[in-house]
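# Reading the structure
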Amino acid sequence: MKEMEKIAGAVKCKLVGRDMEGWDQKLDLSAYKVELLCLAMYDNVYFVSEDLSTSPSLPVHEDIPGSVSHVCLDRTTLWFCPSTSQSALDTMMDQLNELAIKLTPLHVSNLFSGQFCVAKFSEDGGLYRARVTRVGEDKVAVVYVDFGNNEDKDMEELFVLPEDFMNLTPAVAKVETENSVSSELEDKLVGVEVVLRMEEGNGKRLAKFFLEGKEMSCCPEQVMVEVETFPVGMKIEVSVGHVETVRVVWVTPKEKVDGMQASQELVDKVTEVLATQDKLATLASPQIGQMAVARFSEDEMLYRCRVEEGGLVRFIDFGNGEVKEEGMLFKMPLELEIYPAGALRIELDIEKTVLNTKENIMMVKKKPNDAENLSIELSQGGLGTCYKGEKIIKLFKHA
């Protein structure tokens, strides 16, 4: 049964939402193998449904009046209530609240992820149908199935859902938009009568919203990352992240410098944050200059990057780049916007007669990396000189 983690031997089940007529014939035809959704478990009886979906499906290419009830944290997942569902929802809510004083508290032994129940909403104290999404030591996470929002609850705020309410289709459907919904657009969508149209493309079903016949655009929410300026006239100890050409290197200050945030500590912090991200949304239709997250081919770890021409992305905390195909870029978490780029582009003071060959690039890679306590000083003209301590590093004999 879906949602249940462990089933041992035979269990007593009650089929919700249909009578038993024709059930024996169905079992015979399926060799007694059926897939059911477990809605709840009370007193060792499992309440199950043939309907495996937890959210209604909306038709494609049809105008559906209704309203958005909730915008999720990822800003691309929304919960939509069709106008045709509103009357039934109001009636169900009235009936549920009439039963409030008769509801039985939900016992901890009956809890599992996927369990349907009744929960008390913190903002208005009202009772709503909910589904358990996570069982913690002290709190239980639930999603309100008729609205889409979620919160953590104490056990005493959860109640047994009467059987008559189990098989009622949730009032809201989960939909996704191509681009992030801004806070401004959220204010225009939530609780307002709009028209939804589901469209298919690239194997996805995406939602578009209309108000008075005009599309309400979900513009890409651009994450802005500051690129700091390397100070002039100051020797700064650095590590070289990438040698782009014989004259262009990308470096990171080993320690924080007054007036700058970019440092090895910052890069380590960003890397730690990205290491915990396992459900990033794919970035649809990336634009040149847009910030994103991508996996580096050599270690498959996630790093911040900027989209450049020709499918190239530049890893902004190291300076190196790779070509990425569509679908390989992810939306950058907004929490990483506060950290400036960790790698700074430096043009080295090298004679123009030095050719940009593989051998010369390898020389630029080797000499600075061999030097302990490598520092770079930027001149008033914007060119960098490499130092080992107080001694200038001559990358080429005639440079």
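Just above, that's the structure.
## Here's the deal with the overall build of the protein chain
Helix and strand counts for the protein chain come out as 5 helices and 25 strands. Its C-alpha atoms give the protein chain a radius of gyration of 29 Å, clearly above 21 Å, the size a compact globule of 399 residues would have. The principal-axis extents of the C-alpha atoms in the protein chain amount to approximately 95 × 55 × 45 Å. Sequence separation of 24 or more characterises 63% of the internal contacts of the protein chain that already satisfy a separation of 6 or more. For the protein chain, the exposed surface amounts to about 22400 Å²; the carbon and sulfur share of it is 49%.

## Quick word on the sheet that holds strand S3 (residues 45–49)
With respect to topology, 3 strands assemble into an open sheet ordered S1-S3-S2, the strand pairing being mixed. Here the strands that pair on one side only, and so sit at the sheet edges, are strand S1 (12–15) and strand S2 (37–42). For this sheet, the mean inter-axis angle between neighbouring strands, taken without regard to orientation, is 30°. Where S1 lies against S3, 4 bridges are found, and the strand directions are parallel. Residue Lys-12 lies in a different strand from S3, and its bridge partner there is Val-45.

## Notes on the sheet that holds strand S8 (residues 140–144)
In space, the 5 strands of this open sheet follow the order S9-S8-S7-S6-S10, with antiparallel pairing throughout. With one partner strand each, in any of the chains shown, strand S9 (150–153) and strand S10 (158–159) form the two edges of the open sheet. With 5 bridges connecting them, strand S6 (residues 116–120) and strand S7 (residues 127–135) associate as antiparallel partners. Bridge assignment links Val-118 to a residue of S7, and that residue is Arg-129.

## Here's the deal with the packing of aromatic side chains
Here the structure, examined in full by the defined rule, presents 10 aromatic pairs. Aromatic pair Phe-296 and Tyr-303: ring centres 6.5 Å apart, planes at 75°, arrangement edge-to-face. In this structure Phe-296 comes out as buried when scored by relative accessible area, which is 16%. Plain terms: the ring middles of Phe-296 and Phe-315 are 5.7 Å apart, the flat faces sit at 75° to each other, and that makes the pair edge-to-face. Note that Phe-296 is positioned in the loop between strand S17 (291–295) and strand S18 (302–307) and Phe-315 in strand S19 (residues 312–315), a separation of 19 residues in sequence. Each member of the pair, Phe-296 as well as Phe-315, carries the same accessibility label: buried.

## Observations regarding helix H4 (residues 264–275)
Compared with an ideal rise of 1.5 Å per residue, which puts 12 residues at 16 Å, H4 spans 16 Å between its outermost C-alpha atoms and is within 8% of the ideal. All of the buried residues in H4 are Leu-266, Val-267, Val-270, Thr-271, Val-273 and Leu-274. In a view along the axis of H4, the buried residues occupy a sector of 160°, so they form one face of it. Turned more than 90 degrees from where H4 packs its buried face, Glu-265, Glu-272 and Ala-275 sit exposed. In the core, the buried residues of H4 are packed alongside strand S16 (248–253), S17 and S18.

## Concerning a negative patch on the surface
Negative charge collects at one region of the surface, where Glu-255, Glu-265, Asp-268 and Glu-272 lie side by side. By secondary structure assignment, the location of Asp-268 is in helix H4. Looking at Asp-268, the relative accessible area reads 39%, which means it is partly exposed.

## A closer look at helix H2 (residues 83–98)
Between its terminal C-alpha atoms H2 stretches 24 Å, which fits the 22 Å expected from 16 residues at 1.5 Å a residue. Taken together, the buried positions of H2 are Leu-89, Met-92, Met-93 and Leu-96. Looking at the buried positions of H2, the neighbouring elements they touch are S6 and S7.

## Notes on the environment of Ser-263
Along the chain, Ser-263 falls in the loop between S16 and H4. Since its relative accessible area comes to 1%, Ser-263 is described here as buried. Counting along the chain gives 13 residues from Ser-263 to Thr-276, while the straight-line C-alpha distance between them is 21 Å.

## A look at the pairing of strand S24 (residues 383–388)
Relative to S24, strand S22 (residues 344–348) is paired through 2 bridges, and the arrangement is parallel. Its bridge partner lying in S24, Leu-348 is registered against Gly-384. Taken together, the 5 bridges between strand S23 (residues 374–378) and S24 define a ladder with antiparallel strand orientation. Considered in S24, the bridge of Ile-376 is made with Cys-386. Between S23 and S24, which pair antiparallel and follow one another directly, the connecting turn spans 4 residues, one of which, Gly-382, has a positive phi of 90°. Bridge count between S24 and strand S25 (residues 391–392): 2 bridges; the pairing is antiparallel.

The rules behind each value
Residues numbered from 1 in each chain as written. Predicted model: local features only at pLDDT ≥ 70, side-chain atom pairs only at ≥ 80, totals over all residues. Heavy atoms only, no water. Helix = DSSP H or I, 4+ residues; strand = E, 2+ residues; numbered from the N terminus. Rg over C-alpha atoms; globule rule 2.2 N^0.38 Å. Contact = heavy atoms within 4.5 Å. Areas by Shrake-Rupley, 256 points an atom, 1.4 Å probe, with all protein chains shown as cover. Pairing = 2+ DSSP bridges. Axes fitted to C-alpha atoms, helices over the stretch in contact; angles between N-to-C directions. Phe/Tyr/Trp six-rings, centres within 6.5 Å; stacked < 30°, edge-to-face > 60°. Buried < 20%, exposed > 50% of the residue type's maximum accessible area, 1.4 Å probe, protein only. Expected span 1.5 Å × (residues − 1). Arc of directions from axis to C-beta. Patch = residues over 30% accessible without salt bridge, like charges linked within 9 Å, V, L, I, M, F, W, Y side chains within 5 Å. Salt bridge = Lys/Arg side-chain N within 4 Å of Asp/Glu carboxyl O. Lys, Arg positive; Asp, Glu negative; His and termini not counted. Charge placed at Lys NZ, Arg CZ, Asp CG, Glu CD.

Purely geometric numbers; function is a separate question.
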